[in-house]
Amino acid sequence: MQDRSFGFATRSIHAGSPPDPTTGARATPIYQTAAFVFGTTEQAAELFQLRSYGHIYSRISNPTVSAFEERMASLEGGLGGIAFSSGLAAQLCTVLALAQSGDHILSSQNIYGGTVTQFSITLRRMGIEASFAPVEDFAALEAAIRPNTKLLFAETIGNPSGTLADLDALAKLAHKHGIPLVVDNTFASPYLCRPIEHGADIVVHSATKFISGHGTTMGGIMVESGRFDFGSGKFPLLSEASPGYHNKVFTETFGEYAFLMRSRAEVLRDVGAQMSPMDAWILMLGLETLPLRMEAHVRNAKAIVAYLEARPEVEWVRAPEMGSIFTFGIRGGREAGRRFIDSLELWSHLANVGDAKSLVIHPASTTHSQLNDDEMRKAGVAPEAVRLSVGLEDVADLTWDLGNALEASQRGALAESAR
Amino acid sequence: MILETPAQRRALLERSKSVAVVGASNNPLRPSYTVFSYLRTQHRYAIAAINPTIAQIDGVVAYPSLSAYAQANGAPDIIDVFRKPSEVVPLVQEAIAVGAKAIWFQYGVINEEAIALADKAGLDVVVDRCMKVESARFNGGLSMTGLNSGIITSRRSETHA
């Protein structure tokens, strides 16, 4: 064994995946099994008491899934990771690891609509209250912190607004109040940004996006830094005897591993939102090319932004400085947006991002179609806004398709005005 | 020598045969019990507890002192230390006297005088690390739990070959 700090691309391929110890298989095998045979009753008891390492039941851990978890922990620079069935499951379980009925969480409001619903509707029904404030308004965020606030949540790149979070400042704010900063890093991927390097304590992803990279697989991951002090007294779920696990005091027994151990042994175990071995295997295959794909996504996105900015049918382009997902406004509002989408040939009209295929969605005619124009603007989505997730096709083919559809989007308007 | 790299710690764990855990508790909630129990059930090392306040842990005899252990068994290859940092200088002196080869200070057991003393006497010294975690780093235990072991290799594990 040699001592070396390996680079990001090397770890994208190798972390978590040494040759299979049993067979020598170089690719990590798909361990498609529900349960694992114990050696002796002594070993079984040690496993159940969390004193030894090993697999019991694939709802809690599985060798293929563990390999994916370790690879993500390595890429994000964390202590360890836990995989979940989706990004929403990853963030739900993160909240449940820290907060219970009567507690409060604080979130950026520049986030995915599904997360807003999870926090403001589903968690509220479970007795956990959520507040929201603009991610760049630190005074409003700080004013919303209460004695029972358990975490601050933000997205590295807000969906769909593209707002970049100042993670260093958010971490400072959270830590000033003794709470961890939880960052959804889905739109950046660890190739473009590693929130733990900017002070974040917990990182979550929808692995369905750039980690999969091919729009094939649902998955989520949570990575924790191991740096946050959960033994301060503010997190009784971690620092007081746990009736859910042999009255263990996780912070006392596990030190820096307390959060990850409790999140797996209690939260994942009881919620049952585990990742399947097959899905972990596909996601690891995706990770092997993450650096190559992200370079190409960003390169293509820059070319598409430049193309759109020069088009007369485009009123505005709002592209963050990072990533390959952005919105633009089409002249002619909601109707022009609808005609634009209906005229595309190569771009896929669907509700996902981070695929090798280029994707498009028009919120006003889909996710926000029940709102009128004023209501949509209040929700932060312009009626003319179109969201693009730029894929890996030839730029010339992508702009050919966009150009045709942009022209078509205005034809209806001309026909209408001629009438 | 102070062992600062993963490869050095791995080599120490692989060449050692006996471990004396100083300050091992018989309270299952304590980290020292967890580490002791892990090392005992790995069946990789001859393991003993050093604790004058208890007679045994899970059937393994607890010796009142390092010297008492050494009298019965000879010097241990590794002394694993769960003690207050302020109390470890005399322990290092005792370790040197019995001829121990390595001393391992667990998380938070940091005493510069004790470290320097052990280093100067030629012991291998590990500081602010957990023997359970480091064992699991190299035997695949951390990886099984989704923890970042830092291990990158395309060589087949020898322990399973």
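This text gives an overview of the structure that appears in the document. (Residues numbered from 1 in each chain as written. Chains lettered and ligands numbered in written order. Predicted model: local features only at pLDDT ≥ 70, side-chain atom pairs only at ≥ 80, totals over all residues.)

Overview of the interface of chain B and chain A
Phase 1: The partner chain A presents 39 residues to the 29 residues of chain B that form the contact.
Phase 2: When residues in the side of chain B that touches chain A are grouped by element, the largest group, 5 residues, is from helix α2 (residues 31–42) of chain B.
Phase 3: Of the residues assigned to the side of chain B that touches chain A, the class counts are 12 nonpolar, 15 polar and 2 charged. (Contact = placed C-beta atoms within 7 Å. Helix = DSSP H or I, 4+ residues; strand = E, 2+ residues; numbered from the N terminus. Nonpolar A, V, L, I, M, F, W, Y, C, P; charged D, E, K, R; others polar.)

Some remarks on the environment of Ala171(A)
Residue and element names in this part refer to chain A.
Phase 1: With respect to the helices, strands and loops of the structure, Ala-171 is situated in helix α7 (residues 167–176).
Phase 2: When the C-alpha atoms of Ala-171 and Ala-200 are compared, they prove to be 5.7 Å apart, with 29 residues separating the residues in sequence.
Phase 3: Setting aside anything within four residues of it in sequence, one finds Ala-171 in contact with Leu-181, His-198, Gly-199 and Ala-200.

Description of the sheet that holds strand β8 (residues 314–318) of chain A
Residue and element names in this part refer to chain A.
Phase 1: Read across the open sheet, the 5 strands follow the order β8-β9-β12-β11-β10; overall the sheet is mixed. The open sheet terminates on both sides in strands that have one partner only, identified here as β8 and β10 (348–349).
Phase 2: Bridge count for β10 against strand β11 (residues 359–361) is 2 bridges, and the pairing is parallel. Residue pairing in the sheet places Ser-348 in a bridge with Leu-359 of β11.
Phase 3: Here helix α13 (residues 290–309) sits on the sheet and contacts β8, β9 (325–330) and β12 (385–389); the angle it forms with β8, its principal contact strand, is near 150°.
Phase 4: Against the sheet, helix α14 (residues 333–343) contacts β9, β10, β11 and β12, and its axis sits at roughly 120° relative to β9. (Pairing = 2+ DSSP bridges. Axes fitted to C-alpha atoms, helices over the stretch in contact; angles between N-to-C directions.)

A look at the sheet that holds strand β4 (residues 149–155) of chain A
Residues and elements named next belong to chain A.
Phase 1: Taken together, the 7 strands give an open sheet; going across it, the order is β1-β7-β6-β5-β4-β2-β3, and neighbouring strands pair in mixed fashion. The sheet is open, and its two borders are formed by β1 (80–84) and β3 (129–133), each paired with just one other strand. Each strand axis lies, on average, 20° off the axis of its neighbour in the sheet, ignoring direction.
Phase 2: Alignment of β1 against strand β7 (residues 220–224), held across 5 bridges, turns out to be antiparallel. What sits directly across from Gly-80, in β7, is Glu-224.

Remarks on the pairing of β7(A)
Residues and elements named next belong to chain A.
Phase 1: By the criterion of burial, β7 is predominantly enclosed, with 5 of the 5 residues buried.
Phase 2: Of the two faces of β7, both are covered, the one formed by Gly-220, Met-222 and Glu-224 as well as the one formed by Ile-221 and Val-223.
Phase 3: In this sheet, β7 lies alongside strand β6 (residues 202–206) in antiparallel orientation, the contact comprising 5 bridges. Each bridged residue has a counterpart across the sheet, and for Ile-202 the counterpart in β7 is Glu-224. (Buried ≥ 20, exposed ≤ 12 C-beta atoms within 10 Å, placed from the backbone.)

Description of the nonpolar core
Phase 1: In terms of nonpolar packing, the biggest core is built from 163 residues, with Leu152(A), Val21(B), Ile50(B), Ile79(B), Val81(B) and Ile103(B) touching the most fellow members.
Phase 2: Examining the composition of this core, we find that 8 residues originate from one element, helix α4 (residues 87–98) of chain A, more than from any other.
Phase 3: Residue contributions to this core reach at least three from each of two domains, namely domain 1 (8–288) and domain 2 (290–418) of chain A.
Phase 4: Not counting the four nearest positions on each side in its chain, Ile79(B) is found in contact with Ala20(B), Val22(B), Leu66(B), Ala95(B), Ala100(B), Ile103(B) and Trp104(B). (Core = buried A, V, L, I, M, F, W, Y, C linked by C-beta atoms within 7 Å. Domains from an automatic or database assignment.)

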